[in-house]
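# Structure assessment
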Amino acid sequence: LTNTFFSWFTRKLFKVSLKDSHSGMFVFRKKILSLITPPNQGMDFGYFMKLKAYLNPKIKCAEIHIRYNKRSGRVKYRAFSDSISIVIKTLIFFFKNTYKSGR
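My aim in this report is to walk through the structure given alongside it, one point at a time. On a predicted model such as this, the values are computed, not experimentally measured, just so you know. (Residues numbered from 1 in each chain as written. Predicted model: local features only at pLDDT ≥ 70, side-chain atom pairs only at ≥ 80, totals over all residues. Heavy atoms only, no water.)

### Observations regarding the nonpolar core
To be explicit about the condition: Only buried residues count toward a nonpolar core, which is a set of Ala, Val, Leu, Ile, Met, Phe, Trp, Tyr and Cys residues joined through side-chain atoms within 4.5 Å. Classification of residues uses two cut-offs on accessible area relative to the type maximum, computed with a 1.4 Å probe and protein chains only: under 20% is buried, over 50% is exposed, and between them is partly exposed. Helical segments are the DSSP runs of H or I of at least four residues, strand segments are the runs of E of at least two, and each set is numbered from the N terminus. Note on definitions: a residue-residue contact is assigned when non-hydrogen atoms from the two residues lie within 4.5 Å.
Counting residues in each nonpolar core, the largest one holds 12 residues, listed as Phe 6, Phe 9, Phe 14, Val 16, Leu 18, Tyr 47, Phe 48, Leu 51, Tyr 54, Ile 86, Phe 93 and Phe 94. Listing elements by their share of this core, those giving two or more residues are α1 (2-14), α3 (45-55) and α4 (79-101). Considering every element that reaches this core, the biggest residue donor is α3, with 4 residues. In this structure Phe 94 touches Leu 13 and Phe 14, once residues within four positions along its chain are discounted.

Here it is in structure tokens:
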């Protein structure tokens, strides 16, 4: 449920075609790593890496959809606190990039 919300929130806020914002599986060329590496290494590391790639006009992105299976093992995501943190960080990221780019 939270992934569905964040994917929708990201599409609306940033006007990107990203369908699965929090999938942790992605591949990229080594030469773009310095362009997309976020400053933090937390739960939202992959989300911001993917978002930075989609927002950079020099980077071509595509998604290949996968079928999810039931997770095995312990879930590390804390629904309430991690969700609030991601919303706040996303809004900060949005406003910093909006004013920097003059959009």
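### Re the environment of Phe 93
Relative to the helices and strands, Phe 93 is located in helix α4. Accessibility expressed as a relative area gives 17% for Phe 93, which makes it buried. Along the primary structure Phe 93 and Phe 48 are separated by 45 residues, whereas in three dimensions their C-alpha atoms are 8.9 Å apart. The residues contacting Phe 93, other than those within four sequence positions of it, are Phe 14, Phe 48, Leu 51, Lys 52 and Leu 55.

### A short note on the packing of aromatic side chains
Where we set the bar: Classification of ring pairs rests on two measures: the distance between centres of Phe, Tyr or Trp rings, Trp counted by its six-membered ring, which must be within 6.5 Å, and the angle between planes, read as stacked under 30 degrees, edge-to-face over 60 and tilted in between.
Inspection of every chain in the model, using the stated rule, returns 8 aromatic pairs. Their ring planes at 15° and their centres at 5.6 Å tell us that Phe 5 and Phe 9 sit as a pair that is stacked. A residue pair is termed a helical-turn pair when its members lie 3 or 4 positions apart in one helix, as Phe 5 and Phe 9 do in helix α1 at 4 residues. The exposure class assigned to Phe 9 is buried, which follows from its relative accessible area of 14%. On the basis of an interplanar angle of 80° and a centroid distance of 5.5 Å, the ring pair of Phe 14 and Phe 94 is categorised as edge-to-face. Pair noted here: Phe 14 is in helix α1 and Phe 94 is in helix α4, with a separation of 80 residues, a long-range link. Put simply, the rings of Phe 14, Tyr 47, Phe 48, Phe 93, Phe 94 and Phe 95 pair up and form one aromatic cluster.

### Let's talk about a nonpolar patch on the surface
As a reminder, the rule being used: Put simply, a patch holds well-exposed residues, over 30% relative accessible area, that have no salt bridge, with like charges counted together within 9 Å and Val, Leu, Ile, Met, Phe, Trp or Tyr side chains within 5 Å. Using the Shrake-Rupley algorithm and a 1.4 Å probe, accessible areas are obtained, with residue cover drawn only from the displayed protein chains. Put simply, a salt bridge is a Lys or Arg side-chain nitrogen that is within 4 Å of an Asp or Glu carboxyl oxygen.
A contiguous nonpolar surface patch, about 420 Å² in accessible area, is contributed by Phe 80, Ile 84, Ile 88 and Ile 92. With respect to the secondary-structure elements, Ile 92 resides in helix α4.

### Details of the environment of Phe 6
Tracing the backbone shows Phe 6 in helix α1. Once the C-alpha coordinates of Phe 6 and Tyr 47 are considered, the two residues, 41 residues apart in sequence, prove to be 9.6 Å apart.

### Here's the deal with the environment of Asn 3
Position of Asn 3 among the secondary structure elements: in helix α1. Non-local contacts of Asn 3, meaning those with residues more than four positions away in its chain, are made with Asp 20, Ser 21, His 22 and Tyr 68.

### Focus: unusual backbone geometry
Where the residue is not glycine, phi is negative for most of them; where a peptide bond is considered, it is trans in most cases. Positive phi values are uncommon outside glycine, yet Lys 15 reaches one of about 55°. The residue Lys 15 is located in the loop between α1 and α2 (33-36) in this model.

These figures come from the coordinates and say nothing about function on their own.
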